[in-house]
Amino acid sequence: MWQAGEGVRYRRMRAHRTLMQVLASVVLVLLALDVLAMRRIDPGKDPKLAPDEGLVVLSVDTSAPVNTVHVARVGGGTETVLNYLAVGRNPHLFAATAGEYEWSQMKLTTWRMYSRFKIGKPEFRFTVVPGKIVYPGDLVLRPESLTSSYIQIHNRTLPIMDWLEAQHSALYKRLPFEYTGYYPDPFPAYYRDALAGRARTVEELNAGREAPKPTGLPITAEVMWKPSRIAALALNPAGDLLAETVRHEKGYWILELIDLRTGVSQQLTTTWKLPDTLNWKGDRTLIAASGDWHGEHTVYVIGETRGDRRQVKELPLTGKGRVVDLLPREPGTILFEGYDTAGKLVVHRVMLEGDKTIRGFFTAKSRDRINQGAANDRAWFTDGTGNLRMAIIARDDTTVLVHGTAGAYRDVLTEDDDSFDPVGLSFDGNTIYGLTDEDRAQRELVTLDPATRKVTRTVFSKAGVDIVSAVFNEQREPVAARYYEAGRLVTEYFDEANRRIEEWIRTAFPGEIVTVLDRSNDNSQLVLWVDGSAHPPQLYHLDATTKKASLLDDMAPWLSGKTFAPAHVIKAKGSDGLPVEAFLTLPAGTGKRPLVVYPHGGPVGVSDSLGFSRDVQFLASQGYAVLQVNFRGSEGYGKAFREAGQRNYGRMIEDDIDAALRAALAAHPLDESRMCAMGSSYGGYSALISAIRWPGRFRCAISISGVSDRALFFSASDNVRSVKGRPRLERLMGNPRTDMAEMQATSPLYHTRELALPVMLVHGRDDVRVDFEHTRRLVRMLNLEGRPPVVLAIPGMGHSLDDSRIADIVWTGIAGFLQQHLGAMPATATAAASSGSTVEAAKQQ
């Protein structure tokens, strides 16, 4: 029986293998019949193209291994599949029948699970042209989880052209090359013309100079950008206990409990995971969260005092989640949301008691969840009694804010609705508080009826001033509005009692910017943030009943005892008479100071202020004056001022900077012969274009994560992901399809001959806001001119310098570059004197 059984199984195996061979033959035949749709070209091969065929470079840049990426014909047809893509850029050349194609979907398997992401949107389509090599941009994949991934097209034409020249030289030399993404790109043709007849290797054209080493810095970049000591704090409702997350010098975190009545501090825990969100559930229960939006939570129940320490019981919450509501009227209970074992969001009431691990939400089935009636929910919000009234849901690659009750919800806003910014929900849950400038002259605090989606009341407005936030009381009523005035953050309260406290605070801390971070329920105990242009931030405890302010902590104690340069407010008028405000930080010393012109990023909806700025004070410590200009488009000055910045990139925005510069030179001891233009993001673009517009004015220019090609921003940025976001960007910057000539006229990339001064470029290779391609192209063109720039290209860095180690490298390089071109700092520019006079005065009040 055993032998007979084996024979049957053997015959079945042969039959199965024969069937598979037949199927494979059929597949090969089908592929052969569709061979003209898309076929891969090996390096060095020179295929014979049919009259209706062209070549296309399909390139995928991924941060994680990907199983498959599919490219399909629009309207149906055979898909091309790119299999098993490694981390990094994966370019391949294909011959394809002319027509329209699209990136259709991506599949990845990780954490022993399978996930698929559909793509197939208009910006992911491209056209194959007969007799040409086309490139639709890199498909950039940044998988974040099994349900979330950054997927976007980024135009990285230059490395693709280099790759074609190296791998497919004959084809690249013979055929025209064209970028065929959603927006046009004239650079490939421009670059090939510029390169004609010049025998330079790619290595030579990519070369950048190293940043010079600075000497004699009063404050090193390592010290200036040392991470702040305090990461989070929370005052309990009674106002007698303060919790703080404190950074230890060895890198771990300490959760501290401070008794404000006795001044005694004790450690609750030490951890390597940052407890960056602290909430008090009543006066004796602290909830600490570590991680992102849905992080890990630990509950600390504070007991009686024994000796000088309080007894503490620690209760961890298993899994990750978010506190939806602290349920003030339900002792020992919170409303908590997290993902269950099926990967669905569940909201449950969780009891904060017992010695065992709290598992309420984590082990609950989805059918038991409180959150019902909103599919694909991502976060929930409640009214004052803990009822679920509002949620953020995911729908069609966007997020939607829905409102309702008892499981019935309707749409209120989408993420593309930028005319209304929600800031709070009323106690009864029937009113949404928010900020809007729709049909108004400035951004105002208003109420919105979610049922009608109409603004019903203006809570607070100030002519010509944009409100930036609101302050709410325990009943969820707005009690104050915040806005900037002459660079200072102002909190304007609506009631007389709080106005008197705010007036006393201004008296106690003259010339400084003071913000209430937290307060007790009866408003008698306050925690204050105190800083200023020349004052590193500190935390104070204010007892409003005794009018006594006591220093709690320095955010950067290593900067205490040093003198920093004050800022002066400058008024100017743009070329059309528009009033412009600027801030000049002027270091101590004699004689005229060299100047760094330092425009902010954005440019629309962003502004500079008079709070303590590490970068400004780092420059000032070396003897450089620093000019910051809130040019047209800047936030805070009303709607007309913001809209005046639209479509004025490289034009009237820079005219405003010029007007402020001339006003500063006329009023202050500045050395006009020693100036450098510098900035980040738009500020980097502004520095470069200003150097081109005013040749000979500046000795150098520094661009950090800056735009060099205005049209490229439309085909290589996360800002163009949204269908509604693209028209908004076109209103701000222009449309590459219709305004290309103007964009090239105001793009540094196309004017490198005029960019004749020393240039320093700093850029993160993983920047998805302003792609590294901007710097890559500019370096290439400057090298063609024989003027290689100083380059700091930083792997792993995104758009901002949010890592202290990176900041140290970057700003040390900037210091050396400025020393080289503006001269050594004056001997009088030191930062060794005490700056504690204001602090001591406030402490004695």
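This structure is a prediction, so every number in the text was calculated from the model and none was measured.

A. Region of interest: the overall build of the protein. When helices and strands are counted, the protein shows 17 helices and 45 strands. Compactness check: the protein gives a C-alpha radius of gyration of 30 Å against a globular reference of 28 Å for 845 residues, within 12% of the reference. Classification of the 845 residues of the protein by burial places 52% in the buried group. In the protein, of all internal contacts separated by at least 6 residues, the share reaching a separation of at least 24 is 60%. Side chains of the protein carry 100 positive and 100 negative charges; the gap between the two charge centres is 5 Å.

B. The arrangement of the sheet that holds strand 35 (residues 525–532) in detail. Taken together, four strands build an open sheet; the order of strands is 34-35-36-37 and the sheet is antiparallel. Looking at strand neighbours, the two that pair on one side only are strand 34 (513–519) and strand 37 (548–554), the edges of this open sheet. The sheet shows a mean angle of 30 degrees between the axes of neighbouring strands, direction not considered. One ladder, built from six bridges, connects strand 36 (residues 535–543) with strand 37; its direction is antiparallel.

C. Focus on the packing of helix 4 (residues 187–195) against helix 15 (residues 773–784). It is the contact of helix 4 with helix 15, at a shortest axis distance of 11 Å, that shows an interaxial angle of 25 degrees. Classed by the angle they form, the pair helix 4 and helix 15 counts as roughly parallel. Between helix 4 and helix 15 lies a crossing whose hand is left-handed. When helix 4 is examined against helix 15, the residues Phe187, Tyr190, Tyr191, Ala194 and Leu195 are found in contact with a partner set consisting of Arg777, Arg780, Met781 and Leu784.

D. Inspection of the state of the cysteines at higher detail. Evaluated as defined, the whole model comprises one disulfide. The residue that forms a disulfide with Cys676 is Cys700, at a sulfur-sulfur distance of 2.4 Å. Measuring handedness by torsion sign, the sulfur bridge of Cys676 and Cys700 sits at about -135 degrees and is left-handed. Residue Cys676 is located in strand 42 (residues 670–680), and its partner Cys700 is located in strand 43 (residues 700–704); the two are separated by 24 residues in the primary sequence. Of the residues examined, Cys676 reaches a relative accessible area of 0% and is grouped as buried. In this structure Cys700 comes out as buried when scored by relative accessible area, which is 0%.

E. Up close: the sheet that holds strand 32 (residues 478–485). As summarised here, the arrangement of the three strands in space is 31-32-33, forming an open sheet in which the pairing is antiparallel. Edge strands, defined here as strands with exactly one partner in the open sheet, are strand 31 (467–472) and strand 33 (488–493). Each strand axis lies, on average, 25 degrees off the axis of its neighbour in the sheet, ignoring direction. Summarising the sheet, strand 31 and strand 32 pair through five bridges and their orientation is antiparallel. Residue Ser469 lies in a different strand from strand 32, and its bridge partner there is Arg482.

F. Representation of the packing of aromatic side chains within the structure. For the structure on display, the rule yields 22 aromatic pairs. Geometrically, the ring pair formed by Phe460 and Tyr483 is stacked, given 6.3 Å between the ring centres and 15 degrees between the ring planes. With a gap of 23 residues between them, Phe460 in strand 30 (residues 454–460) and Tyr483 in strand 32 connect regions that are remote in the sequence. Residue Phe460 is classed as buried on the basis of its relative accessible area, which comes to 11%. Summarising the aromatic geometry, the rings of Phe460 and Phe494 are spaced 5.6 Å apart at their centres and angled 25 degrees between planes, so their arrangement reads as stacked. One end of the pair, Phe460, is in strand 30; the other, Phe494, is in the loop between strand 33 and helix 8 (496–508), with 34 residues separating them in the sequence. A relative accessible area of 30% places Phe494 in the partly exposed class. Grouped by ring-pair contacts, the aromatic residues Phe631, Tyr649, Tyr682 and Tyr685 constitute a single cluster. Looking at Lys226, its charged tip hangs above the ring of Trp558, at a distance of 4.5 Å from the centre.

G. Expanded view of the pairing of strand 13 (residues 230–235). Within strand 13, five of the six residues are buried, which leaves the element mostly enclosed by the surrounding structure. Where strand 13 folds back onto strand 14 (residues 241–247) in an antiparallel hairpin, the turn is made up of five residues, including Gly239, whose phi is positive at roughly 85 degrees.

H. Molecular detail of unusual backbone geometry. With an omega of -5 degrees, the peptide bond running from Gly602 to Pro603 counts as cis. With respect to the helices and strands, the residue Pro603 is situated in the loop between strand 40 (593–597) and helix 9 (614–621). Here Arg647, not a glycine, exhibits a phi torsion of approximately 55 degrees, which is positive. Along the chain, Arg647 turns up in the loop between helix 10 (639–643) and helix 11 (652–667).

Conventions used here
- Residues numbered from 1 in each chain as written.
- Predicted model: local features only at pLDDT ≥ 70, side-chain atom pairs only at ≥ 80, totals over all residues.
- Heavy atoms only, no water.
- Helix = DSSP H or I, 4+ residues; strand = E, 2+ residues; numbered from the N terminus.
- Rg over C-alpha atoms; globule rule 2.2 N^0.38 Å.
- Buried < 20%, exposed > 50% of the residue type's maximum accessible area, 1.4 Å probe, protein only.
- Contact = heavy atoms within 4.5 Å.
- Lys, Arg positive; Asp, Glu negative; His and termini not counted.
- Charge placed at Lys NZ, Arg CZ, Asp CG, Glu CD.
- Pairing = 2+ DSSP bridges.
- Axes fitted to C-alpha atoms, helices over the stretch in contact; angles between N-to-C directions.
- Parallel < 35°, antiparallel > 145°, perpendicular 65-115°, else oblique.
- Left-handed = near helix turned anticlockwise from the far one by under 90°.
- Disulfide = S-S within 2.5 Å.
- Phe/Tyr/Trp six-rings, centres within 6.5 Å; stacked < 30°, edge-to-face > 60°.
- Lys NZ or Arg CZ within 6 Å of the ring centre and 35° of its normal.

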